[in-house]
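# Tertiary structure, described
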There are 2 protein chains.
Amino acid sequence: MGTTAREASGAARLAAPGEGISAEELQLAARNHAMPLEALRYDVTPAGLHYLLIHFDIPYLDESTHTLSIDGLVRRPLSVDLAQLRGRPRQTHRVTLECAGNGRALLQPRPVSQPWLSEAVGTAEWTGTSLAALLDEAGVAPGAHDVVFTGADHGIERGVEQDYQRGLPLAEAMREDVIVAYEMNGQPLLPQHGAPLRLIVPGWYGMAQVKWLTNVTVLDREFDGYQNAVAYRLRGDAEDPGVPVTRMQPRALVRPPGFPDFMSRTRVVKAGVSTVEGRAWSGFGAVTAVEVTADGGGSWHPAQLGPVAGPYAWRGWSWRWEAAPGRAVLGARATDETGRVQPVQAEWNRGGFANNGVQQVECVVVD
Amino acid sequence: MGTTAREASGAARLAAPGEGISAEELQLAARNHAMPLEALRYDVTPAGLHYLLIHFDIPYLDESTHTLSIDGLVRRPLSVDLAQLRGRPRQTHRVTLECAGNGRALLQPRPVSQPWLSEAVGTAEWTGTSLAALLDEAGVAPGAHDVVFTGADHGIERGVEQDYQRGLPLAEAMREDVIVAYEMNGQPLLPQHGAPLRLIVPGWYGMAQVKWLTNVTVLDREFDGYQNAVAYRLRGDAEDPGVPVTRMQPRALVRPPGFPDFMSRTRVVKAGVSTVEGRAWSGFGAVTAVEVTADGGGSWHPAQLGPVAGPYAWRGWSWRWEAAPGRAVLGARATDETGRVQPVQAEWNRGGFANNGVQQVECVVVD
């Protein structure tokens, strides 16, 4: 038997107790970057600071010839190019995106994959055109169930060769605010953010926001491709079929105050009164409360909330801190309008998804 | 005695044999990202794909009020704002920048710091105005020795609180092609690349390219600040005073062919003839040869060189590969016009600097 592509690919595993980050995890961390936490300063994250998770390689697509196909269970399959998409009605939404694996490397035991800490997030103004209008034009036929989005990035993952594909239930795909986006912050998409086209599904974790979009395919059944049926599921163990990862759980992040130590990133903060600020979001609804701790969760204090910047963008918050000399551990937890409250420690799951446990910002408070 | 800032900061150390990447190293890898290797496709690296190393936090500077001071051993200290700098003669240079710590995490034993693999590099078109002309206007006084560049990023490193500062010998600072840059690829600098002003010293490693530039100070002696006297030095051990890190050693990188496995990044490549491409650079002079290996260094083959894009930009190269089914390990090594040849394995040093050992791109070649 010859050499096969599967030889490039290993099985999923959990890190052993005390096992440091592996060379493979480091390779992923070097390419897929988080948002430096000081960028919580910005309402809209500048280019290059927004988090990035790319399963395979960033593909190169020629914008002048690229087309998007709408096919599958539709009456009139469509193929549209960039000029046609740009000619359709525009929508712009300010959307906070977070990787479903955010917080994974903080779990015990640690699922071995992209080793995110707390900051795989970013907020951008995405401009594009309505997906529902395109699907309406193609004429979704009766019996439609899921819509599958195919990206041009190609690779192998846990032995399965694939173009990156994710399915959405038809009702989500037909939401008014789901767009095929061609601009980010008023500029054409950058290569790493999906140029020339990507999907934006406000409220959902990043795995739904398919980049380098080539095909939109309507199915008469639930999509059973790798990224829906195997990868992005909340499971208790490897045998558990689990449930799909969907919307972002509520989370608040603290913008680290003072200045950092280079290696430990521990913050040095001057004693006295200062304002601690941050952002909070939820994919289920508006953030209605943020509480802050400066003693690692021993006591909690209500934060002042900033203005709402739309249904799917993070919300600023601030808290007046009277810092006494010594050690402090800052964190914050968000509550949304559906009553979901961010836990101090999230429930463990096999894939390390949706870990919205409270951040821990180590501080040394000096006179 | 009260709490002091030094409590946030630990001593430099080497990783123990077999020690995985630590949580502290991972924190740095999550913020300071490398260039995804597929971006070797681009002559000029798109925004957000260029490598990034930030010692402390990205500071926020108000472009409308920011000024640059030229002071120290000069006859007429100057303070110039952005509008004045933009009004001076412009220069644009295509420059490849590489972090001095590139390759650190591949060393045995591993110095514990920013854990770079092979790809802390990027090439941009930097636009700004001559530093020498500014120094001439200020009138460098007799006895000048070093010029110190101060950035606005502030923190503590190995117990030393500091603004990031690096000194250059006067002769380097007076080179015609050293600029105070305010644009990258035709756009105002991004926050993470030094907005609104940074230094560009073509040919030198990244530590010389001071970002968020606030002061240019002429000294009558060698600068003995932390980043010159302690951090960026090639030392055999912690007691060795060592020599300063200066220009980039020659290095070639392979653009990984085929497609990757998600976790291992091992490449899957189709057997047969294909073209392997990459880039090569040296801070000492033009690249004059690149050799390629497909058997992990067992045999070497001359690559075809692409056009020269200026004295300080990487040079493209290509090689015709007849890939047979099985395992292959690709790598490339560069030679420059000064006769410097990239080693298969670089000499170890305590800080993990200038590791230009040959890259290893693991491939599975399939029928």
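Residues numbered from 1 in each chain as written. Chains lettered and ligands numbered in written order. Predicted model: local features only at pLDDT ≥ 70, side-chain atom pairs only at ≥ 80, totals over all residues. Heavy atoms only, no water.

## Looking at the overall build of chain A
For clarity, the cut-off: By the criteria applied, helices consist of DSSP H or I runs no shorter than four residues and strands consist of E runs no shorter than two, each listed in order from the N terminus. A radius of gyration in this sense is built from C-alpha atoms; the matching globule rule multiplies 2.2 Å by the number of residues raised to 0.38. Each residue gets one of three labels from its accessible area relative to the maximum for its type: buried under 20%, exposed over 50%, partly exposed in between, using a 1.4 Å probe on protein chains only. Contact criterion: two residues are considered in contact whenever any of their non-hydrogen atoms come within 4.5 Å of each other. Per-residue and other accessible areas follow the Shrake-Rupley method at a 1.4 Å probe size, with only the shown protein chains counted as cover for residues. Counting rule for charge: Lys and Arg are taken as positive, Asp and Glu as negative, and neither His nor the chain ends is counted. A single reference atom marks each charge: NZ on Lys, CZ on Arg, CG on Asp, CD on Glu.
Of regular secondary structure, chain A possesses 5 helices and 22 strands. A compact globule built from 367 residues should have a C-alpha radius of gyration of about 21 Å, and chain A, at 21 Å, falls within 12% of that. Oriented by its inertia axes, the alpha-carbon framework of chain A measures out at about 70 × 55 × 35 Å. Within chain A, buried positions represent 61% of all 367 residues. Long-range contacts, defined as pairs at least 24 residues apart, comprise 74% of the intrachain contacts of chain A with a sequence gap of at least 6. Total accessible area computed for chain A in this model is approximately 13400 Å², and 51% of it derives from carbon and sulfur atoms. Both charge centroids of chain A, one from 33 positive and one from 41 negative side chains, sit 4 Å from each other.

## Side note on the relation of the copies chain A and chain B
Both copies of the chain are related through a single rotation about an axis accompanied by a shift along the same axis. How we decide: When the copies are superposed, the least-squares fit draws on C-alpha atoms of residues that have pLDDT of at least 70 in both.
Aligned on chain B, chain A shows an RMSD of 0.0 Å; the corresponding rotation is 180° and the shift along the axis is 0.0 Å. Both copies of the chain, as the preceding transformation shows, are related through a two-fold rotation axis. In this assembly, 100% of the residues forming the interface of chain A have copies in chain B that are likewise at the interface, indicating an isologous arrangement.

## Considerations on the packing of aromatic side chains
The geometry of two aromatic rings is summed up by the distance between their centres and the angle between their planes. Our working definition: Pairing of aromatic side chains requires ring centres within 6.5 Å, counting the rings of Phe and Tyr and the six-membered ring of Trp. Pairs whose planes differ by under 30 degrees are stacked, by over 60 edge-to-face, and all others tilted.
This structure, assessed with the given rule, holds 6 aromatic pairs over all chains. Seen from their ring centres, A:Tyr232 and A:Phe353 are 5.1 Å apart, and the 45° between their planes marks the pair as tilted. Taken together, the residues A:Tyr232 in the loop between α5 (226-231) and β11 (233-234) and A:Phe353 in the loop between β21 (326-336) and β22 (361-366) connect sequence positions 121 residues apart. On the basis of relative accessible area, A:Tyr232 is assigned to the buried category, the value being 6%. Judged by its relative accessible area of 6%, A:Phe353 falls in the buried class. Judged by centre distance (6.0 Å) and plane angle (80°), the rings of B:Tyr51 and B:Trp116 are edge-to-face. Highlighted residues: B:Tyr51 in the loop between α1 (23-31) and β1 (67-72) and B:Trp116 in the loop between β3 (91-98) and β4 (121-130), separated in sequence by 65 residues. As far as the burial class goes, B:Tyr51 and B:Trp116 line up, both buried.

## Here's the deal with the UniProt feature "domain: Oxidoreductase molybdopterin-binding" (unreviewed entry) in chain A
Spelled out, the test is: UniProt positions are given in the numbering used here, feature names are shortened, and annotations may be inferred rather than shown by experiment.
Feature annotation in UniProt assigns "domain: Oxidoreductase molybdopterin-binding" (unreviewed entry) to the following positions: residues 55-226 of chain A. Split by type, residues 55-226 of chain A is 11% helix and 40% strand. Its first and last C-alpha atoms lie 12 Å apart.

## Points about the sheet that holds strand β2 (residues 78-81) of chain B
Across a sheet, paired strands are connected by hydrogen bonds in the backbone, their directions being either parallel or antiparallel. Residue and element names in this part refer to chain B. Condition: In this scheme, strands are said to pair when DSSP sees at least two bridges between them. To get an axis, a line is fitted to the C-alpha atoms, and for a helix only the part in contact is used. The angle between two axes follows their N-to-C directions and goes from 0 to 180 degrees.
Across the sheet, which stays open at both edges, the 5 strands sit in the order β2-β1-β10-β5-β6 with mixed pairing between neighbours. With partners counted over all chains shown, the strands left at the sheet margins are β2 and β6 (160-169), one partner each. Across the sheet, the mean angle separating the axes of adjacent strands is 25° when strand polarity is ignored. Note: β1 against strand β10 (residues 213-219), 4 bridges, orientation parallel. Opposite Ile-70, over in β10, you have Val-216 as the bridge partner.

## Some details on the interface of chain A and chain B
The condition that has to hold: Buried area: the sum, over both parts, of the accessible surface (1.4 Å probe) that disappears when the two are put together. The working definition used for a salt bridge is a side-chain nitrogen of Lys or Arg within 4 Å of a carboxyl oxygen of Asp or Glu. Three categories are distinguished: nonpolar for Ala, Val, Leu, Ile, Met, Phe, Trp, Tyr, Cys and Pro, charged for Asp, Glu, Lys and Arg, and polar for the others, with Gly belonging to the last.
Counting residues at the interface gives 67 residues for chain A, matched by 67 residues for chain B. When chain A packs against chain B, the two sides together hide about 6000 Å² of surface, and 63% of this comes from carbon and sulfur. At the boundary of chain A with chain B, the tally comes to 6 salt bridges. Residue A:Asp57 pairs with B:Arg265 through a salt bridge whose shortest N-O separation is 2.8 Å. For the side of chain A that touches chain B, the secondary structure elements donating two or more residues are α1 (23-31), β5 (146-157), β14 (259-260), β15 (267-270), β21 and β22 of chain A. Classifying every residue of the side of chain A that touches chain B gives 33 nonpolar, 19 polar and 15 charged.

## Structural notes on the pairing of strand β20 (residues 315-323) of chain B
The side chains of a regular strand alternate between both faces of the sheet. All names here are of chain B. As judged from the 9 bridges shared by strand β16 (residues 272-281) and β20, these two strands associate in the antiparallel manner. The residue of β20 that forms the bridge with Ser-274 is Trp-321. Where strand β19 (residues 304-305) meets β20, 2 bridges bridge the pair, whose relative direction is antiparallel. Bridging from a neighbouring strand, Gln-304 pairs with Ser-318 of β20.

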